[in-house]
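Structural overview for review
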Amino acid sequence: MRTLLRIIFFATIAFSVQAQVVTTSPAFVIEGQQIVVTFDATLGNAGLKDNTEDWYAHTGVLTDKSATSSDWKYVKTTWPTSAADTKANTAANKLTKLGNNKATLTISDIRAYYGVPAGEKIMKLCFVFRNPAGTKEGKDTGGKDIFVDVYQAGLNVSFTSPTTTQIIAKGTSVTFSAITSQSSTLNLYINDTKIATTTGASISQAYTFNDAGAYWAIAEAGTARDSIYVNVKKDQETVARPSLPDGINIENNNTVTFILYAPYKTDVFVVGDFNKWLPNNDYMMKKDGSYWWLTVNNLQPDVEYAFQYLVNGTLYVGDAYAQKVLDPWNDKYIPSSTYPNLKPYPSGKNVDDGMVSVFRTNETPYNWQVTNFQRPRQDKLVIYELLIRDFTSTSDLNGLMGKLDYLKGLGINAIELMPTQEFDGNDSWGYNPCYYFAMDKAYGTKDMYKTFIDECHKRGIAVILDVVFNHATGSHPFAKLYWNSATNKTASNNPWFNVDAPHPYSVFHDFNHSSSLVRNFVKRNLDFMLKEYKFDGFRFDLTKGFTQTQSNDNTAANYDASRITILKDYYDQIKATDPNAYMIIEHFCVDAEEKELANYGLIPWGKKNNEYCQTAMGYSSSSNFNGVNGWTRDWTYNNLVGYMESHDEERTIYKAKTYGSAQVKPSLDVQMERAALNAAFFIPIPGAKMIWQFGELGYDYSINSKAGSTDISESNRTSRKEIRWDYYDVPQRKAVYDIYAKLNYLRKNYGNAFDNPAYWNMQVTEYDWNTGRRIALNSDDLKMVIVGNFRPDASITANPNFPATGTWYDLMTGETINVTNANMTIDLAANKFKVLTNKKIDTSSSIKNLKSENLNVFQNEGFLNIETDEIVTNIKIYTINGVLIKNIQGEKIIPVSDLTKGCYILDVWLNGQSIKRKIMLF
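One structure accompanies this document, and this report is about it. All of these numbers come straight from a predicted model, not from anything done at the bench.

**Remarks on the sheet that holds strand S6 (residues 102–107)**
- A sheet is described by the order of its strands in space; here four strands give the open sequence S1-S3-S6-S5, paired in antiparallel fashion. Looking at which strands have only one partner, the edges of the open sheet turn out to be strand S1 (22–25) and strand S5 (96–99). Strand-to-strand twist in this sheet, taken as the mean axis angle between neighbours without regard to direction, amounts to 25 degrees.
- Across six bridges, strand S3 (residues 35–40) lies against S6 in antiparallel orientation. Within S6, the position partnered with phenylalanine 39 by the bridge is alanine 103.

Here it is as structure tokens:
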């Protein structure tokens, strides 16, 4: 009978992790009692050891409504923004210091203290202790959160030592100590063998484990039980590993081989769904030098398996090469419409409270529709940089795919996605990567990413991925494997990371790109992304940091031969995998270095934000456009991406409306004229160009703004931004979009005329402010003159200096001009420009007209699909009684699974016109 009860108990147990970094009085925390929590700063990660400041508790609870052990509820205070944050640092969460690195927090009643509603069961108290500013933390060993179990009234039993799973060598003696909440007959067992019994409130007994195998230590008082899992290791097997790469190797539908590089470690187990997350000897990895490996058989082909590596008995890490991970903190916030049927996090298992890796042995391959995509030549690129989060109201790939026709109509031929490789959190710019082979689930499934790229390729649009190889967060497995919890940095023996970055631009943890381990990891990832997802190229973030040369703000941009070697190595890998793929770099180093890289084939970023902001505001100083076309000295323009705005710069029209001249600042009409004027002196200039999202609509929110807030501050820089698809319905803004479209049409259809620098002549500096800026193209294929009046306060008489006489055409209006004298002048009002060509260029196909009869609506698997060639700016769904229940901007795929079956009114806005239809949802 005892054996049967024990089997049931083992199948349902959740593992207690009450570390002795805190103790409580009374030892068993029960509702309705006052408790005193004592924190010992010398234990755990020792992050507050010897700290003389005040200490505060960041604290909440886990309840029966918590999805994972990271799902804290009823958190007492916010995290501080400064040491003076009175909302975070209150008397209620301030500790009383006792001296000797100890302090207490007294809670009179846990339900009242945390404000937990009646009926919700409190399972654990959660703690992180900190200094007033939150810059130093006292946590459990390994930087984990601290948990205290909450018990029900009555008889309870708990192990006080050890408190977690034990992995030990043969012959090890372990002393097991347990306590009860009231005097009772107390027994200790190792499996079915009783090793001690007593009558009282505590028991302690040593036991020597002589044989390898799996054991359960059980403390029993009446019907109350607690247990600790013990695995006694078998002798380490040293066997040559298979000839397979690091990571998860799917060998067939039933077999996978794991290979982990982890020097200096003593033992590694694989724990996961396939072994109930228990580190038994059948899953102890074999050793081969600094490598560990294990082949696992008898897997089910249609099952997604989650797993981690358990290293040295205490450290749980995921696999750096996993193509999917589960996140205990953030997955619960991903809508099912974004990621259907997401595998739940393995809560309640013997699993570290961190990301776990996932694989399936027979993953269905994606059926690519476009297999012969022809990429634009790199000097012909017109790139649209976007952040999926801030581009559509769904903030995912579903919404983005609904905007591809809008982007095609704009005339761009490439999309550059801000980083989408798995990053910490869901709400991010993406420059905090942690798993490079997994695409972030906050935007969609693996197949959704591929479908998006397929749909782009169908429209002639290349897809470029922004990649972040300068650094990674502490969630990266390589960082976790060799971590110094005392300094909260990577350890000095970490094979991949520097402890401190040698350059002054450090964020998170700095990769050592001089290491062959890092280089091979990066090159393997580049190869994988090109083959698996068919990305067309990459934009590398912060390549200035790809060096081990010590530098400061004054020297970091100096010529660095070692950095050049590293970047050329990555370029060579890209070209070896795909000779036509792009490698764009955010570099900003001395001209000699950037030119050498450009001549090798890399494409540096060419920032002209300040200059175009100046002209947008109506100021001539520091507004020289030279250089946006490439190297001014020798016109190597085909290897530079010029841009007015990027994710990292202030928006030109925000500056115009906020700081513009007396004529610009108060007038939307003038601001949009300035936006169009800038475009006319940006897009037609030779060389690759990049547009930041919504620049074509004159987006006028600051980079430091926050959606729903009027606060403009640096702290909001990476916050969500306002999504203003309604701008497309504002005539002045729509006119800017149309001008972008016409200019891009010109580039696309007369691109050959852009190839010879000798054909071009430009006057685009401050010295041309009063007489008009001018761009002239004189080729056999096309002759063109662009003249613009950048003065916001006066008309000018401009001299286009026509390359030839005859009939010329206004690209924007289609009007003709009879040029009888090459020196004839043109009067231009303030903020106006002309794009004149010697050929009539019909741009009508670049401007969409409304064709409402082509609107189709159908429902599919919980989504309402709007099928139209037109640009959708807004969709509203009303009940049959006229109550608005959905209002979504810029989408063609609308989730409706939350709506009940029945009749609704659908209001679709196409190009500023409303089309209403009655629909039936089923």
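Let us keep going from here.
**Details of empty space enclosed by the protein**
- With the rule as written, the count across this model stands at two cavities of 30 Å³ or more.
- Looking at the largest cavity, its volume works out to about 140 Å³.
- Lining of the largest cavity is provided by 15 residues; of these, Met644, Glu645, Thr652, Gly695 and Tyr740 occupy positions nearest its centre.
- Elements with a contribution of two residues or more to the lining of the largest cavity: helix H11 (652–659), helix H12 (668–680) and strand S38 (688–692).
- By residue number, the principal contributor to the lining of the largest cavity is S38, which donates three residues.
- For the lining of the largest cavity, the residue count by class is nine nonpolar, four polar and two charged.
- Quantified by volume, the second largest cavity comes out at close to 110 Å³.
- Contributing to the lining of the second largest cavity are 15 residues, with Asp390, Arg651, Trp692, Gln693 and Lys721 lying nearest its centre.
- Considered class by class, the residues forming the lining of the second largest cavity number seven nonpolar, three polar and five charged.

**Description of the sheet that holds strand S17 (residues 255–261)**
- Ordered by their spatial adjacency, four strands build an open sheet running S16-S17-S20-S19, and the pairing between neighbours is antiparallel. The sheet is open, and its two borders are formed by strand S16 (247–252) and strand S19 (286–288), each paired with just one other strand. Adjacent strand axes in the sheet meet at a mean angle of 25 degrees when their direction is disregarded.
- Pairing of S19 with strand S20 (residues 291–296) involves three bridges; the strand directions are antiparallel. Bridge pairing in S20 places lysine 286 opposite tryptophan 293.

**A few points about unusual backbone geometry**
- Proline 26 follows serine 25 through a cis peptide bond whose omega is 0 degrees.
- With respect to the element layout, proline 26 can be found in the loop between S1 and strand S2 (29–30).
- Looking along the chain, the bond that leaves serine 161 and enters proline 162 is cis, with omega of -15 degrees.
- For proline 162, the position within the fold is in the loop between strand S10 (157–161) and strand S11 (166–168).
- Of note, asparagine 191 is a non-glycine position whose phi angle comes to about 55 degrees, a positive value.
- Of note, asparagine 191 is situated in the loop between strand S12 (172–190) and strand S13 (193–209).
- Taking the relative accessible area as the measure of exposure, asparagine 191 reaches 27% and is therefore partly exposed.
- Notably, serine 622 is not glycine yet its phi reads approximately 55 degrees, a positive angle.
- Mapped onto the elements of the fold, serine 622 is located in the loop between helix H10 (609–617) and strand S37 (641–643).

**Overview of the packing of aromatic side chains**
- Going through the model one piece at a time under the given rule, you end up with 66 aromatic pairs.
- Ring plane angle 40 degrees and centroid distance 6.5 Å describe the contact between phenylalanine 274 and phenylalanine 359, whose orientation is recorded as tilted. You can see phenylalanine 274 sitting in the loop between strand S18 (268–272) and S19 and its partner phenylalanine 359 sitting in strand S24 (residues 356–359), a full 85 residues away along the chain. The pair phenylalanine 274 / phenylalanine 359 is uniform in exposure class, with both members buried.
- Here tyrosine 482 and tryptophan 496 contribute two aromatic rings whose centre-to-centre distance is 6.1 Å and whose plane-to-plane angle is 50 degrees, an arrangement assigned as tilted. Here tryptophan 496 lies in the loop between strand S32 (489–490) and strand S33 (509–510) and tyrosine 482 lies in the loop between helix H6 (477–481) and strand S31 (483–484), a separation of 14 residues in the sequence. In terms of burial, tyrosine 482 and tryptophan 496 fall into one category: buried.
- Lying across the ring of tryptophan 293, lysine 286 places its NZ or CZ 5.2 Å from the centre.
- In this structure, arginine 773 packs its charged tip against the face of phenylalanine 790, placed 5.0 Å from the ring centre.

**A closer look at the side chain of threonine 473**
- You can see threonine 473 is positioned in the loop between strand S30 (471–472) and H6.
- Here threonine 473 falls in the buried class, since its relative accessible area comes to 1%.
- A polar contact is formed between the side chain of threonine 473 and the side chain of aspartate 424, at a distance of 3.0 Å.
- Here threonine 473 is in contact with Asp424, Asn432, Pro433, Cys434, Ala479, Phe508 and His509, once residues within four sequence places are set aside.

**A few points about the pairing of S13**
- Of the strand pairs in this sheet, S12 and S13 are connected by 15 bridges, and their pairing is antiparallel. Bridged to asparagine 187 within S13 is threonine 197.
- In sequence, S12 turns back onto S13 through a hairpin of two residues, with asparagine 191 there showing a positive phi of about 55 degrees.

Cut-off values and rules
Residues numbered from 1 in each chain as written. Predicted model: local features only at pLDDT ≥ 70, side-chain atom pairs only at ≥ 80, totals over all residues. Heavy atoms only, no water. Pairing = 2+ DSSP bridges. Helix = DSSP H or I, 4+ residues; strand = E, 2+ residues; numbered from the N terminus. Axes fitted to C-alpha atoms, helices over the stretch in contact; angles between N-to-C directions. 1 Å grid on protein atoms, 1.4 Å probe; cavity = no way out; pocket = protein on both sides within 12 Å on 5 of 7 lines; lining within 4 Å. Points joined across faces, edges and corners; volume = space filled by probe spheres on them. Nonpolar A, V, L, I, M, F, W, Y, C, P; charged D, E, K, R; others polar. Buried < 20%, exposed > 50% of the residue type's maximum accessible area, 1.4 Å probe, protein only. Phe/Tyr/Trp six-rings, centres within 6.5 Å; stacked < 30°, edge-to-face > 60°. Lys NZ or Arg CZ within 6 Å of the ring centre and 35° of its normal. Polar contact = N/O pair within 3.5 Å; in protein donor to acceptor, adjacent residues only side chain to side chain. Contact = heavy atoms within 4.5 Å.

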